[in-house]
Amino acid sequence: VRDNVLYMTRFDPAGIALLAQPLRFGAPTGTPFEVSVDLGNSNGQAKRVVVRLFDVAGGSNAIACTFNVPAYMPLRTYTLRGKTNSNWAVVDANIFLEDNVQPDLMVDNWSVTYTPQFNPAVTECLPPAPPAEQNLITNGDFADGENGFFFLGDISHTVAEGVLKATRTNAGSFALAAQPI
C-alpha cells in the first residue's frame, strides 16, 4: 500500500493474484448489487482483471465482469451491476488479476452496495468513460522510446530522435504498431 492505494502484482505465472473480501451475508434470488472499484495500471503492459461477487456455498453462482486496464492508466472507476440468479447463502467479493506478472495493478475505493434502484436484466460491465479533452495516447511523442506501444506481425521498429520508424518486413503478411487506450 502506497498513498492509501493497494498495488497488486501476480508474481508467479502459474499462480494467482486475488484480492478477496468475505462479506458473509446471504442474498435472496434477484438481489441487485453494484460493485465499484478504482483500478489503475502503473506499467506499460495492459492488465486483464475480473471483478466478481459470488456465492461461496454455491460455487458457480457469480456476478462477474472482466475489464482490461490499459497500460499506464491512472486510477479510474470500473462498475459491475447485476443480480443474484438464485438464493445465495454466503456472498463474497474478489478482484482477480488474470494474466499478467508485471507490476502493478492499482486498487482503491472498492465498494459493494445493495442497489434496489437498479434492476438489470443482465450483468452490466461499465468501464470508465474516456476523459474529456485529454490525449488518450501515452508517449505519443516517443520521448520514452516505444514505451506504451506493442507490435504484432512481421514488423521491424525503432525510435530515433522522437520518431517511430516501423517497416513491414514481409509484404505477404501484416504489421501492427498499436497502443491500448
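Refer to the preceding data block for the structure.
The model shown is predicted, which means the values in this text are computed figures rather than measured ones.

Here we take up the state of the cysteines. Across all of its chains, the model carries one disulfide by this definition. Across a sulfur-sulfur distance of 2.0 Å, Cys-65 and Cys-125 are joined as a disulfide pair. Where Cys-65 bonds to Cys-125 through sulfur, the torsion about that S-S bond is close to -90 degrees, and the disulfide is left-handed. In this pair, Cys-65 is assigned in strand S5 (residues 62-69) and Cys-125 in strand S9 (residues 124-126), connecting sequence segments 60 residues apart.

This paragraph deals with the sheet that holds strand S6 (residues 76-83). Here five strands make up an open sheet; going across it, the order is S1-S8-S3-S6-S9 and the pairing antiparallel. On the outer flanks of this sheet lie strand S1 (6-8) and S9, each paired with one strand and no other. Pairwise comparison of adjacent strand axes, ignoring direction, gives a mean angle of 25 degrees for this sheet. With three bridges connecting them, S6 and S9 associate as antiparallel partners. Across the sheet, Leu-80 pairs through a bridge with Cys-125, a residue of S9.

Reading guide: rules and limits
Residues numbered from 1 in each chain as written. Predicted model: local features only at pLDDT ≥ 70, side-chain atom pairs only at ≥ 80, totals over all residues. Heavy atoms only, no water. Disulfide = S-S within 2.5 Å. Helix = DSSP H or I, 4+ residues; strand = E, 2+ residues; numbered from the N terminus. Pairing = 2+ DSSP bridges. Axes fitted to C-alpha atoms, helices over the stretch in contact; angles between N-to-C directions.

Honestly, that's just the spatial picture; any functional story needs more than this.
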